[in-house]
Amino acid sequence: ADPSTITVLGLQLSPSRGTIVGASNKGSLAVWSTAAITAEAPSGRSVHAHTSPVYALAATKKYLISGATDLRLWDWESIEHSIEPASAATMSIGGSVPVEVNALTTDAQGTQLYAACGDGVARVFDIATCAVKEQLRPRLHGGYLTGIALLRDGSLMTTSADGDLRQWDPRQSACVWEAPPANRRWLSSLAADPAGPWVVCGGSAAPTLWHTETHTLHATLDVAGPTTAIAFTREGIVTAGSDGHISHWALSGALASRTATRVPCVYSLLPMGGTGIHEPILAGGASSAIDVYINPGYYSSQLEWPR
């Protein structure tokens, strides 16, 4: 695809931490070595993956998983070392009308895949058989699902375009909690803290941080404009959207730093973890270039989408 028409919709780090993968609106994936983020002339390669936009990525130790109007599993070995990798398996959403997969996450064991879909249903897949195990369908829903996150207790959180934030027990296929109606606005981004009982969601209204065990609103983040990407970092929370900034927040809700971004609208944030003094963060969106931040408050470079 012509890089000038590329929008980056998802970013994923490999379990080995040696590879970065991007997902695009043109159905392609881009693959870079993590060394590219500090290289003077970083280069990557493009992989044709789907015939429709790739909205989401997820990973297990064995597979990279890409979500479009179907789901494809790719062996990490193939993604990292083959010039033209072939998908290892395909998962079908089902139905006669194409349904997009807007967000993905997996369990720690790499046995189950959770998909937030455009028909308002959250699907649970068995990765070994590629079959749908459960369908979490709200009784009343006016919007497609935009986000999905797995909590430490095994329950799921979902967000929707009509502003619903819901918690699910997949074992019972039941919704066990939803945010009060007063807080409902268009929601487009969701993240769960892997180290604590927190979930944060954002959209047309200011992002909100919730305590998942007490179901209480803990903080509201003072963001100007819609939030289209959100993630937890080692130090707190990072948000971005169309306001031209990457913002870092403490769990108290206090702003820690704000840095200008070169991507007009950010759709995906990738905190890279690690044990260094600072945690690198990648930001992709309405541009063929991905912003690289080596530490909070400091723009470093860009990764260009490969031709």
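## A closer look at the overall build of the protein
Then, number 1: Helix and strand counts for the protein stand at 1 helix and 28 strands.
Then, number 2: Against the compact-globule benchmark of 19 Å for 307 residues, the protein has a radius of gyration of 18 Å, which places it among compact chains.
Then, number 3: Each principal axis of the C-alpha atoms in the protein carries an extent, and together these give about 50 × 45 × 35 Å.
Then, number 4: Per-residue burial for the protein yields a buried fraction of 56% across its 307 residues.
Then, number 5: Considering only residue pairs separated by 6 or more positions, the protein has 42% of its internal contacts joining residues 24 or more positions apart.
Then, number 6: Accessible surface computed for the protein: about 12,900 Å², of which carbon and sulfur atoms make up 50%.
Then, number 7: Within the protein, one finds 19 positive and 25 negative side-chain charges whose respective centroids are separated by 2 Å.

## Examining the environment of proline 306
Then, number 1: Note that proline 306 resides in the segment after β28 (298-304).
Then, number 2: The spatial distance from the C-alpha of proline 306 to the C-alpha of threonine 51 is 18 Å, given a sequence separation of 255 residues.
Then, number 3: If sequence neighbours within four positions are ignored, proline 306 has contacts with Ala30, Trp32, Gly44, Arg45 and Ser46.

Analysis parameters
Residues numbered from 1 in each chain as written. Predicted model: local features only at pLDDT ≥ 70, side-chain atom pairs only at ≥ 80, totals over all residues. Heavy atoms only, no water. Helix = DSSP H or I, 4+ residues; strand = E, 2+ residues; numbered from the N terminus. Rg over C-alpha atoms; globule rule 2.2 N^0.38 Å. Buried < 20%, exposed > 50% of the residue type's maximum accessible area, 1.4 Å probe, protein only. Contact = heavy atoms within 4.5 Å. Areas by Shrake-Rupley, 256 points an atom, 1.4 Å probe, with all protein chains shown as cover. Lys, Arg positive; Asp, Glu negative; His and termini not counted. Charge placed at Lys NZ, Arg CZ, Asp CG, Glu CD.

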